[in-house]
Amino acid sequence: MTAKVQQTKRTKKDTAKKAMSKASVAKKRKRKVAKKPPYRPLKFQSVEELQDKVEAYFASCNDYVRGAKGNRIKDAVSGEYLMYQVKVPTITGLAVFLDTSRETLLDYENELHKNKDMPEEIQHGFSDTIKKAKLRIYDATEQQLYRGKPTGAIFSLKNNYGWEDKTKVETKDVGYHNPFENLSEEELRHLAGETMS
């Protein structure tokens, strides 16, 4: 073989390799840019998983009452261990505990997390779980109104639960009476100092 023929064969091989590598790069790009699902993937795979995590959050807000030696104290009547509240449950606290955002929780509550393949009862289950959790947080927040300075609780109730400051203005009819209402035109002119011509 001549040098020119060998060079032509190498050039053809190189061209074929470049074409193959370009094709494989294009395939890899297509794989990387795979179609996104038409819905956002769920943070929680089942209603039960979400309920268990919500219960764990509320449990983390409490601790056992302990004696001088560190042992848990039981109630004399019920026999159950006594608990006290370590921290007030909040919506943001729940979101942090669930490793998500406040907005995601509200999406679950308002059923904006819908998945076209998900049965309706499961969608409602997520929503109901968040609504019940919010009610428990709402209750704890309201309870704060009766302890010490309630400013933080009032702020939370206004921003998370739609409470408003309302001022009620009442007007009272004082019985305004027009002393001239029963006078004739002639009598009114006379009082005004006009004489009739």
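About the criteria used
Residues numbered from 1 in each chain as written. Predicted model: local features only at pLDDT ≥ 70, side-chain atom pairs only at ≥ 80, totals over all residues. Heavy atoms only, no water. Buried < 20%, exposed > 50% of the residue type's maximum accessible area, 1.4 Å probe, protein only. Helix = DSSP H or I, 4+ residues; strand = E, 2+ residues; numbered from the N terminus. Phe/Tyr/Trp six-rings, centres within 6.5 Å; stacked < 30°, edge-to-face > 60°. Lys NZ or Arg CZ within 6 Å of the ring centre and 35° of its normal. Contact = heavy atoms within 4.5 Å. Axes fitted to C-alpha atoms, helices over the stretch in contact; angles between N-to-C directions. Parallel < 35°, antiparallel > 145°, perpendicular 65-115°, else oblique. Nonpolar A, V, L, I, M, F, W, Y, C, P; charged D, E, K, R; others polar. Salt bridge = Lys/Arg side-chain N within 4 Å of Asp/Glu carboxyl O. Polar contact = N/O pair within 3.5 Å; in protein donor to acceptor, adjacent residues only side chain to side chain. Core = buried A, V, L, I, M, F, W, Y, C linked by side-chain atoms within 4.5 Å.

Undergrad: Residues and numbers for helix H7 (residues 185–192), please.
TA: Here H7 lies mainly on the outside; zero of its eight residues are buried. Looking one or two places after H7, you find Gly193, whose phi comes out positive at around 90°.

Undergrad: Tell me about the packing of aromatic side chains, and name the residues and values.
TA: Applying the stated criterion across every chain, the model contains four aromatic pairs. Site record: aromatic cluster; members linked through ring pairs are Tyr57, Phe58 and Phe97. The lysine or arginine in question, Arg72, covers the ring of Tyr64, its NZ or CZ lying 4.6 Å from the ring centre. In this structure, Arg136 packs its charged tip against the face of Phe58, placed 3.9 Å from the ring centre.

Undergrad: Kindly report on unusual backbone geometry, identifying the contributing residues and their values.
TA: Positive phi, normally seen in glycine, also occurs at Asp99, with a value near 55°. With respect to the helices and strands, Asp99 occurs in the loop between helix H3 (91–97) and helix H4 (102–109).

Undergrad: With reference to specific residues and values, describe H4.
TA: Listed in full, the buried residues belonging to H4 are Thr104, Leu105, Asp107, Tyr108 and Glu109. If you follow the buried residues of H4, they end up packed against H3 and helix H5 (120–144). Phi turns positive, to about 60°, at Glu111, one or two residues after H4.

Undergrad: So what's going on with the packing of helix H2 (residues 47–60) against H5? Residues and values would help.
TA: In contact at an axis separation of 9 Å, H2 and H5 are set at 10° when each is read in the N-to-C sense. Judged by the angle between their axes, H2 and H5 are roughly parallel. Contacts between H2 and H5 involve Val47, Leu50, Gln51, Val54, Glu55 and Phe58 from the former and Ile122, Gly125, Phe126, Thr129, Ile130, Ala133, Arg136 and Ile137 from the latter. Considered class by class, the residues forming the contact of H2 with H5 number nine nonpolar, three polar and two charged.

Undergrad: Talk me through the pattern of salt bridges; I want residue IDs and the actual numbers.
TA: Taken as a whole, this structure holds five salt bridges when the rule is applied. A salt bridge links Arg136 to Glu55, with the nearest nitrogen and oxygen atoms 2.7 Å apart. Separated by 81 residues along the polypeptide, Arg136 in helix H5 and Glu55 in helix H2 bring together distant segments of the chain. Taking the relative accessible area as the measure of exposure, Arg136 reaches 37% and is therefore partly exposed. We note a salt bridge from Arg189 to Glu185, for which the minimum N-O separation is 3.0 Å. One end of the pair, Arg189, and the other, Glu185, are both in helix H7, four residues apart, so they sit about a helical turn from each other. Given the relative accessible area of 54%, Glu185 is considered exposed.

Undergrad: Lay out the side chain of Thr129 with the relevant residues and their values.
TA: With respect to the element layout, Thr129 can be found in helix H5. Looking at Thr129, its side chain comes within polar contact range of the side chain of Gln51, at 3.5 Å.

Undergrad: Which residues make up the nonpolar core, and what values go with them?
TA: Ranked by size, the top nonpolar core spans 19 residues in total, and within it Leu50, Val54, Leu94 and Leu98 carry the most contacts. Elements that contribute at least two residues to this core include exactly H2, H3, H4, H5 and helix H6 (151–161). Looking at which element gives the most residues to this core, the answer is H2, with five residues.

Spatial relationships are all this shows, so hold off on functional conclusions.
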